[in-house]
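Residues per chain, in single letters:
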Amino acid sequence: MLKRRDFLKLTAAGGLISLTGTSAFAESSAKPRTRIVFLGTKGGPRIGLGRSNPANLIMVNNTPIVLDCGEGVSHQLVAAKVPLQSIKYILLSHLHSDHDLEYGNLAYNAWATGLKTPIHSFGPKGTEAMTKAYWEVNKFDIETRITDEGRPDLRKLLIAKDIDADGVVLKTDDVTITAFRTPHPPITDNFAYKFETADGTIVFSSDTEYNPKLGEFAKGCDVLVHEALYVPGIDGIMKKVTNGASLRKHLLAAHTTTEDIGRIAAIAKPKLLVLSHLVPGDNDSITDDQWLEGVRKHFDGKAIVAKDLMEVALPV
Ligand SMILES: [Zn+2]
Ligand SMILES: [Zn+2]
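Residues numbered from 1 in each chain as written. Chains lettered and ligands numbered in written order. Predicted model: local features only at pLDDT ≥ 70, side-chain atom pairs only at ≥ 80, totals over all residues. Heavy atoms only, no water.

J.: Help me understand the coordination of the zinc ion (ligand 2) in this model?
T.: In ideal tetrahedral geometry, four donors around a metal make angles of 109.5 degrees, whereas ideal octahedral geometry with six donors gives angles of 90 or 180 degrees. Only H94 (NE2), H96 (ND1), H184 (NE2) and D207 (OD) from the protein reach the zinc ion (ligand 2) as donors, at distances of 2.2 to 2.3 Å. Every donor counted, the 4 donor atoms about the zinc ion (ligand 2) form angles of 91 to 164° at the centre, which fits irregular coordination. The sequence pattern formed by the donor residues of the zinc ion (ligand 2) is H-x1-H-x87-H-x22-D. The metal-metal distance between the zinc ion (ligand 2) and the zinc ion (ligand 1) comes to 3.4 Å, with D207 coordinating both. Here the residue H94 occupies a position in the loop between β4 (89-91) and α4 (97-100), and D207 occupies one in the loop between β10 (200-204) and α8 (212-217), the gap between them amounting to 113 residues. (Donors = N, O, S within 2.8 Å, 3.2 Å for Na, K, Ca; no water. Tetrahedral: all angles 85-135°; square planar, octahedral: opposite > 155°, others 65-115°. Helix = DSSP H or I, 4+ residues; strand = E, 2+ residues; numbered from the N terminus.)

J.: I keep staring at the coordination of the zinc ion (ligand 1) and nothing clicks. Help me out?
T.: Surrounding the zinc ion (ligand 1) are the protein donor atoms D98 (OD), H99 (NE2), D207 (OD) and H277 (NE2), which sit 2.1 to 2.2 Å from the metal. Considering all 4 donor atoms around the zinc ion (ligand 1), angles at the metal cover 92 to 162° and the coordination shape is irregular. If you list the donors of the zinc ion (ligand 1) from N- to C-terminus, the spacing comes out as D-H-x107-D-x69-H. Among the residues examined, D207 registers a relative accessible area of 2% and is labelled buried. (Buried < 20%, exposed > 50% of the residue type's maximum accessible area, 1.4 Å probe, protein only.)

J.: So what exactly am I meant to see when it comes to the nonpolar core here?
T.: Most often, soluble globular proteins keep nonpolar side chains buried together rather than apart. In terms of nonpolar packing, the biggest core is built from 30 residues, with V66, L77, I90 and L106 touching the most fellow members. Elements supplying a minimum of two residues to this core: β1 (34-40), β2 (55-60), β3 (63-69), α3 (73-79), α5 (103-112), α6 (127-137) and β6 (158-163). With 28 residues, the next largest nonpolar core counts Y89, F195, I202 and F204 among its residues. (Core = buried A, V, L, I, M, F, W, Y, C linked by side-chain atoms within 4.5 Å.)

J.: Explain the confidence of the model for the protein chain to me, please; I cannot follow it from the model alone.
T.: In regions of low pLDDT, the predicted coordinates are not meant to be interpreted in detail. The predicted model of the protein chain has a mean per-residue pLDDT of 91, with 91% of residues at 70 or higher. Confidence over residues 1-28 falls short of pLDDT 50; this stretch has 33 contacts with residues more than four positions distant or in other chains. (pLDDT = per-residue confidence, 0-100. Contact = heavy atoms within 4.5 Å.)

J.: What is the right way to look at the packing of helix α11 (residues 258-268) against helix α12 (residues 288-296) in this model?
T.: Each pair of packed helices can be described by the angle between their axes along with the distance between the axes. Interhelical geometry of α11 versus α12 gives an angle of 50° and a closest axis separation of 6 Å. Taken together, α11 and α12 sit at an angle that is classed as oblique. For the pair α11 and α12, the sense of crossing is right-handed. Contacts between α11 and α12 involve T258, E259, I261 and G262 from the first element and W291, G294 and V295 from the second. Class assignment of the residues belonging to the contact of α11 with α12 gives a composition of 3 nonpolar, 3 polar and 1 charged. (Axes fitted to C-alpha atoms, helices over the stretch in contact; angles between N-to-C directions. Parallel < 35°, antiparallel > 145°, perpendicular 65-115°, else oblique. Left-handed = near helix turned anticlockwise from the far one by under 90°. Nonpolar A, V, L, I, M, F, W, Y, C, P; charged D, E, K, R; others polar.)

J.: Before we go on, may I ask you to explain the pattern of salt bridges in this structure?
T.: Oppositely charged side chains are able to pair whenever their charged atoms sit close together. Tallied over the entire structure, the rule returns 19 salt bridges. Between K219 and E216 there is a salt bridge, with the nearest N and O atoms lying 3.5 Å from each other. Accessibility expressed as a relative area gives 47% for E216, which makes it partly exposed. Here the residues in one salt-bridge network are K139, E143, D153 and R155, joined through shared partners. (Salt bridge = Lys/Arg side-chain N within 4 Å of Asp/Glu carboxyl O.)

J.: Please explain the sheet that holds strand β9 (residues 191-197) as it appears in this structure.
T.: A sheet is described by the order of its strands in space; here 7 strands give the open sequence β7-β8-β9-β10-β11-β12-β13, paired in mixed fashion. The sheet is open, and its two edges are formed by β7 (167-171) and β13 (302-305), each paired on a single side. Adjacent strand axes in the sheet meet at a mean angle of 20°, parallel and antiparallel pairs treated alike. Note: β10 against strand β11 (residues 223-229), 3 bridges, orientation parallel. Its bridge partner lying in β11, I202 is registered against V223. Packing against the sheet, α11 makes contact with β11 and β12 (272-279), and its axis sits at approximately 160° to β11. (Pairing = 2+ DSSP bridges.)

J.: In this structure, what is going on with helix α10 (residues 244-254)? I would like to understand it.
T.: Along an α-helix, residues three or four apart share an orientation, since each turn contains 3.6 residues. Every buried residue belonging to α10 is among G244, L247, L251 and A254, and all of these are buried. Along the axis of α10, the buried residues cluster in a sector spanning 120°; they form a single face. For α10, the exposed residues set more than 90 degrees away from the buried face come down to A245 and K249. For α10, the secondary structure elements touched by its buried residues are β11, α9 (234-238) and β12. (Arc of directions from axis to C-beta.)

Right under this line is the structure:
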């Protein structure tokens, strides 16, 4: 159900008129103007039947922005009732496969659904090259469908741009998106993103080592979405893989423990902290309280654990 302030925001935006009283208000199916949908909340490249791989939707005034394209992103968008051909922007935080494996395929699936307007994509160095390579891999199919089915040329509908420095990536009437480099060893071309909207500011950490500078970058934001490593859960992951020793080393060096997330949140002081990109993300025996236990040692604000297809509406 919409809250009154959402209604007022929508009215101000011209999305709703002549609704009066709470009953009409409750009956409205209009969506909040600014919202986050957590499409995939499991960190890492393994595929499973539980949480989907990393992907998020930031919807601002009916403009869908997809942040990260882990395997399953297209299905999750369909499940979230977002028409694929309506996607306007794609952002990649870094080029680990759990964040980009379905990047080209998402644009392809949007095209298959009737995409007519361009999608602009932004990501670290390599994003433009990856886009070009995707056209090579799928040249036969794309060219066949253009001539055989009269489709527009997909290669002109996905416009990729590499980000090489911190700063504003995109500015529209509805949102300003700013990139902030954060280390994710051994990867340095890795960006957290800030979304400034009329309804509040959202920051996504990307995958990152513990980085107090992120706390400064996110200072005063409304929603901070931070990746999360639950250290007692690492042993369970080791039983499922063959590269245990080096994977353990990577996880501890390249990700942020729940206690350290609490330290980041204590600096940023978001109105709402959301843990997503969970590692391990396929161990249902870890409760939300366990995920948040470490956080609570340093941060006493509102904090939740993301679930696939969970929505957070702004203002929070
Ligand atoms: Zn990841
Ligand atoms: Zn990563």
